[in-house]
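Residue strings, one per chain:
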Amino acid sequence: PDALWEPIRERYPDVTVQTELNADRLAAYADWADVAFGNVPPAWFAQALRLSWLQSVSAGVDAYQSLVGTGIRLTSARGVHHQPIAQHLLLMMLA
């Protein structure tokens, strides 16, 4: 939701934050996107010549092997769910 991005828009008014959930419309942002957040289709990177960073929302990033050697920094969500999952499993065992 756009409300999640409002604090970034307010703190950094010179930064354009564009949200797009439809992968078919990503091509419109390829000319000017510096950063991408989410699970972007790997084919999009051939068009995104300004891209310098991809933050994947998944722990696995095998789909992005094509980024190796391109200079695009890739970060993942590895480890962000380990504590809630452990707590859930423990509570399920106690239930």
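Described in the following lines is the structure provided in the data block. (Residues numbered from 1 in each chain as written. Predicted model: local features only at pLDDT ≥ 70, side-chain atom pairs only at ≥ 80, totals over all residues. Heavy atoms only, no water.)

Points about the overall build of the protein
Along the backbone of the protein there are two helices and three strands. The C-alpha radius of gyration computed for the protein amounts to 17 Å, which surpasses the reference 12 Å derived for 95 residues by more than 25%, pointing to a less compact arrangement than a globule. With respect to the principal axes defined by its C-alpha atoms, the protein has extents near 55 × 35 × 25 Å. Looking at the protein residue by residue over its 95 residues, the buried ones come to 20%. For the protein, long-range pairs separated by at least 24 residues make up 4% of all intrachain contacts whose partners lie at least 6 apart in sequence. Accessible area for the protein stands at about 7300 Å²; split by element, carbon and sulfur atoms hold 59% of it. Taking the average location of the 6 positive side-chain charges in the protein and that of its 9 negative ones, the two points are 7 Å from each other. (Helix = DSSP H or I, 4+ residues; strand = E, 2+ residues; numbered from the N terminus. Rg over C-alpha atoms; globule rule 2.2 N^0.38 Å. Buried < 20%, exposed > 50% of the residue type's maximum accessible area, 1.4 Å probe, protein only. Contact = heavy atoms within 4.5 Å. Areas by Shrake-Rupley, 256 points an atom, 1.4 Å probe, with all protein chains shown as cover. Lys, Arg positive; Asp, Glu negative; His and termini not counted. Charge placed at Lys NZ, Arg CZ, Asp CG, Glu CD.)

Quick word on the side chain of S56
Its location among the elements puts S56 in the loop between β2 (53-55) and β3 (73-75). For S56, a relative accessible area of 0% translates into the label buried. Of note is the side chain of S56, whose polar atom sits 3.1 Å from the backbone nitrogen of S58. Those residues in contact with S56 that lie beyond four places of it in its chain are G38, N39, V61, Y64, T75, S76 and A77. (Polar contact = N/O pair within 3.5 Å; in protein donor to acceptor, adjacent residues only side chain to side chain.)

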